[in-house]
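Residue strings, one per chain:
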Amino acid sequence: VQLQASGGGLVQAGGSLRLSCAASGRTLRGYATGWFRQAPGKEREFVAGCSRNNLCTYYADSVKGRFIISRDNAKNTVYLQMNSLKPEDTAVYYCAADSSIIASRYRDYEGYDYWGQGTQVTVSS
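Described below are features of the structure shown in this document. Here the residue index of a chain counts from 1 through its sequence in written order. Confidence filtering applies because this is a predicted model: local features only for residues at pLDDT of at least 70, side-chain atom pairs given and counted only at 80 or more, and all residues used for totals across whole chains, interfaces and linings. The basis for the side-chain values is all heavy atoms of the structure; hydrogens and waters are excluded.

Turning our attention to the state of the cysteines. Two cysteine sulfurs form what is called a disulfide whenever their separation falls within 2.5 Å. Overall, the coordinates contain two disulfides when judged by the stated rule. Here Cys21 engages in a disulfide with Cys95; their sulfurs sit 2.1 Å apart. As the torsion about the S-S bond is roughly 70 degrees, the Cys21-Cys95 disulfide counts as right-handed. Here the residue Cys21 occupies a position in strand 3 (residues 17-24), and Cys95 occupies one in strand 9 (residues 91-98), the gap between them amounting to 74 residues. For the residue pair Cys21 and Cys95, the accessibility class agrees, reading buried in each case. One disulfide in the model links Cys50 with Cys56; its S-S distance is 2.0 Å. Between Cys50 and Cys56, the S-S dihedral sits near 105 degrees, and the bridge is therefore right-handed. Across this residue pair, the class does not change: Cys50 and Cys56 are buried. Sequential numbering of the bridged cysteines in the chain gives the disulfide pattern 1-4, 2-3. Only DSSP runs of H or I with at least four residues qualify as helices, and only runs of E with at least two residues qualify as strands; both kinds are numbered from the N terminus onward. Throughout this description, buried means an accessible area under 20% of the type-specific maximum (1.4 Å probe, protein chains only), exposed means over 50%, and partly exposed covers the range between.

We now examine unusual backbone geometry. Backbone geometry places Asn76, a non-glycine residue, at a positive phi of 55 degrees. Considering the arrangement of structural elements, one finds Asn76 in the loop between strand 7 (67-72) and strand 8 (77-82). Residue classification places Asn76 among the buried residues on the basis of a relative accessible area of 13%. Of note in the backbone geometry, Ser84 takes a positive phi value of approximately 50 degrees without being a glycine.

What follows covers the packing of aromatic side chains. Aromatic pairing here means that ring centres of Phe, Tyr or Trp (its six-membered ring) are within 6.5 Å. Orientation follows from the plane angle: under 30 degrees is stacked, over 60 is edge-to-face, and everything else is tilted. Here the structure, examined in full by the defined rule, presents seven aromatic pairs. With centroids separated by 5.0 Å and ring planes inclined at 85 degrees, the aromatic side chains of Tyr58 and Tyr106 adopt a geometry described as edge-to-face. Taken together, the residues Tyr58 in strand 6 (residues 58-59) and Tyr106 in the loop between strand 9 and strand 10 (114-115) connect sequence positions 48 residues apart. Our definition puts a charge over a ring when NZ of Lys or CZ of Arg is within 6 Å of the ring centre and also within 35 degrees of the ring normal. Over the ring of Tyr94 we find Arg44; its NZ or CZ atom is 3.8 Å from the centre of that ring. Taking the ring centre of Trp115 as reference, the NZ or CZ of Arg44 above it sits at 4.8 Å.

Our next topic: the sheet that holds strand 1 (residues 2-6). Taken in spatial order, the four strands make up an open sheet running 1-3-8-7, and their pairing is antiparallel. Where the open sheet ends on each side, the last strands, each with one partner, are strand 1 and strand 7. The sheet shows a mean angle of 15 degrees between the axes of neighbouring strands, taken without regard to direction. Two strands qualify as a pair provided that DSSP identifies no fewer than 2 bridges between them. Taken together, the six bridges between strand 3 and strand 8 define a ladder with antiparallel strand orientation. Bridge pairing in strand 8 places Ala22 opposite Thr77. Only the stretch in contact is used when fitting a helix axis, every axis being a line fitted to C-alpha atoms; angles between N-to-C directions are given from 0 to 180 degrees.

Right, dumping it as structure tokens:
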């Protein structure tokens, strides 16, 4: 499966952005999907995820209540709605997918085989 992330940009603190991750090659049905981010000098960290049966309830504490992940199987696309953005949300955001990952590894970037190219999100103060 190929993943193409888009929707990043420059936004002021308190603003919103919606990221999209379009999949091609195979359907995302049966795949766990996630969004990760990596800021300069930091490790890639989990942001939000959906289980293999499309239960989209996995969030990092730092984004809970501000970000919403969703997946549209008909469009084969995963979304990340980001609200109340903060300067510390600045990072390159990556989408990921995997068909065999177990639930205990949903937050572990090493558990995913397929990755999009990343999209830059910059939040100014």
